[in-house]
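# Overview (structure and organization)
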Amino acid sequence: MFICVHSTRLGTAAGGTRMKHYPRLEDALADGMRLAEAMSLKFASVDFPHGGGKAVIALPTPEIPQGETRRRLLREYGAFVNSLGGLYSAAPDMNTSAADMDVIGEVTPYVFCRTEAAGGSGDTAPDTAVGVLHGIKGACRFAFGSDNLTGRTVAVQGAGGVGGRLIELLVEAGATVIASDVDPPRLKALEARGISMVSPDSVLAVECDVLSPCAVGGIINSRSIPTLRCRVIAGGANNQLETSADAERLRERGIVYAPDFVINAGGVLHGGGLEEQHWSRVVLDEKLAGIGDAVYEILKRADRDGVSTDAAARGIALSRISATATSRS
């Protein structure tokens, strides 16, 4: 298990708990470190008083633990979180849920997004999807001159908690959706609703207006960028770019990229807003809608300054972190 803390300048660190098999422990640590940095940028981008952290539970095999084995593992992890005395607070991420946060919460108070029955704010995925939808609209407003999604084709890679709900929202907004996932039951459910499907191997190269990555990170890279046939990339996955140089490659190709740590900030607004800031649902919805405006402003700034959208977004986030640190000194 790794708990990675990137920054505490804006406040104590917080971030999701990823349960996943990695080929090497070094890979798990590297994933946690990259994700923790992204969380710092995410909190700063939405001006939220936390630093970035991330936890990785590196499984020895691809099989995801269930039952009593899972419960023991989560309680052990909860004790690890508790040993840090509030330096880091846990939340759900890949292969962990609000119900898992309930178990972790049995041994530590430093946990977000427990089930509503346990006094938490519940699953973050639906509101993350809402934020991504607003981000897609903001990106389309910049790229096409309108945020109206009627008639736009959006390819969604990954139909899990975020991607699955995003697909529903896109259909409601009038978009034509193409989807891909590695999970057979999800594929059957989508096909039953009339959603067009493509294989996981071909989804990045499908012709579309918007490509929306909502699965694993690192998929936008020097190998995939030449094959892209989209005008916009705007999705919920963390760390979509394999390297920072990939943002410049996208700019050179004229592909508009909505920085992932901005567009997928709906989850932190949900958990922190409802549980710490005690926002009403109306206020939370306003904050989620603001993600679209934030994405649009970043894209305009990048275009004005002649830099990649990732560089523009990082510049804004890092300046906020620096300003907060200066004001406290």
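In short, a report on the structure. (Residues numbered from 1 in each chain as written. Predicted model: local features only at pLDDT ≥ 70, side-chain atom pairs only at ≥ 80, totals over all residues. Heavy atoms only, no water.)

## Some words on the nonpolar core
Membership of the largest hydrophobic core comes to 57 residues, with the highest contact counts inside it found for Ile 136, Leu 166, Ile 167, Leu 170 and Val 295. Broken down by element, this core gets its largest block of residues, eight residues, from helix H4 (residues 125–144). Beyond its immediate chain neighbours, meaning those up to four positions away, Ile 136 contacts Leu 149, Leu 166, Leu 170, Val 210, Ser 212, Ala 234 and Ile 263. Of all hydrophobic cores here, the second largest spans 18 residues; its members include Ala 155, Ile 178, Cys 208 and Ala 247. (Core = buried A, V, L, I, M, F, W, Y, C linked by side-chain atoms within 4.5 Å. Buried < 20%, exposed > 50% of the residue type's maximum accessible area, 1.4 Å probe, protein only. Helix = DSSP H or I, 4+ residues; strand = E, 2+ residues; numbered from the N terminus. Contact = heavy atoms within 4.5 Å.)

## Regarding the environment of Asp 285
Within the secondary structure, Asp 285 is located in helix H10 (residues 281–305). It is 9.6 Å that separates the C-alpha atoms of Asp 285 and Leu 269, two residues lying 16 residues apart in sequence.

## Things to note about the sheet that holds strand S4 (residues 88–92)
The strands that make up a sheet pair up through hydrogen bonds in the backbone, lying either parallel or antiparallel. Judged by pairing direction, the sheet is mixed, and its four strands sit side by side in the order S1-S3-S2-S4 without closing on themselves. Across the chains shown, the open sheet's two edge strands, defined by having one partner strand only, are strand S1 (2–5) and S4. Direction aside, the axes of adjacent strands within the sheet are offset by 30° on average. As defined by bridge partners, strand S2 (residues 13–21) adjoins S4 across five bridges and the pair is classed as parallel. Looking across to S4, one finds that Gly 16 is bridged to Ala 91. (Pairing = 2+ DSSP bridges. Axes fitted to C-alpha atoms, helices over the stretch in contact; angles between N-to-C directions.)

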